[in-house]
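Close look at the chain arrangement
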Amino acid sequence: MTPSALHVCRHCDGLITDPDDAVMVAYVHVNSGPGQVLWAHSAHAHLVQPDPYPLALLASIRALRAGNSAT
C-alpha cells in the first residue's frame with residue numbers, strides 16, 4: 001500500500017491500513033483547491049456524526065433571518 005492510500009478514521013482517528021476496510025463517509029467542499037474526502041473504518045461508518053459547527057452556524061443564520069423578517 002502506498003502512503004497516499006492510507007486514511008484516518010473520522011470516528012476513532014485511527015489509521016486505516018487495510019484499503020478494503022476504508023469507507024468514504026463524506027466529502028467536504030472548500031473554497032480553494034480540491035475538497036477533502038472523509039473516511040472511516042467499515043465498522044465505524046455508521047457512527048460518524050456530522051460536524052456540529054456548520055449546523056450551528058446555519059441555525060444561527062436562519063434565526064437571524066426569521067427575526068429580521070418578523071419586523
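What counts, and at which threshold
Residues numbered from 1 in each chain as written. Predicted model: local features only at pLDDT ≥ 70, side-chain atom pairs only at ≥ 80, totals over all residues. Heavy atoms only, no water. Helix = DSSP H or I, 4+ residues; strand = E, 2+ residues; numbered from the N terminus. Buried < 20%, exposed > 50% of the residue type's maximum accessible area, 1.4 Å probe, protein only. Contact = heavy atoms within 4.5 Å. Areas by Shrake-Rupley, 256 points an atom, 1.4 Å probe, with all protein chains shown as cover. pLDDT = per-residue confidence, 0-100. Patch = residues over 30% accessible without salt bridge, like charges linked within 9 Å, V, L, I, M, F, W, Y side chains within 5 Å. Salt bridge = Lys/Arg side-chain N within 4 Å of Asp/Glu carboxyl O.

Focus: the overall build of the protein
Looking only at helices and strands, one finds 1 helix and 4 strands in the protein. Starting at the N terminus and walking to the C terminus, you meet the elements of the protein as β-β-β-β-α. Along the first, second and third principal axes, the C-alpha atoms of the protein reach 60 × 30 × 15 Å. Relative to its full complement of 71 residues, the protein shows a buried share of 11%. Long-range contacts, defined here as pairs at least 24 residues apart, represent 30% of the contacts in the protein between residues at least 6 apart. Of the roughly 5,600 Å² of accessible surface on the protein, a fraction of 58% belongs to carbon and sulfur atoms.

Section: the confidence of the model for the protein
Considering every residue of the protein, the mean pLDDT works out to 86; 92% of them sit at 70 or more. When pLDDT is averaged over each element of the protein, strand β2 (residues 15-16) comes out on top at 95 and helix α1 (residues 52-70) at the bottom at 86.

Looking at a nonpolar patch on the surface
A surface patch of nonpolar side chains, about 250 Å² in accessible area, is lined by L6, V8 and L15. Along the chain, L15 turns up in strand β2.

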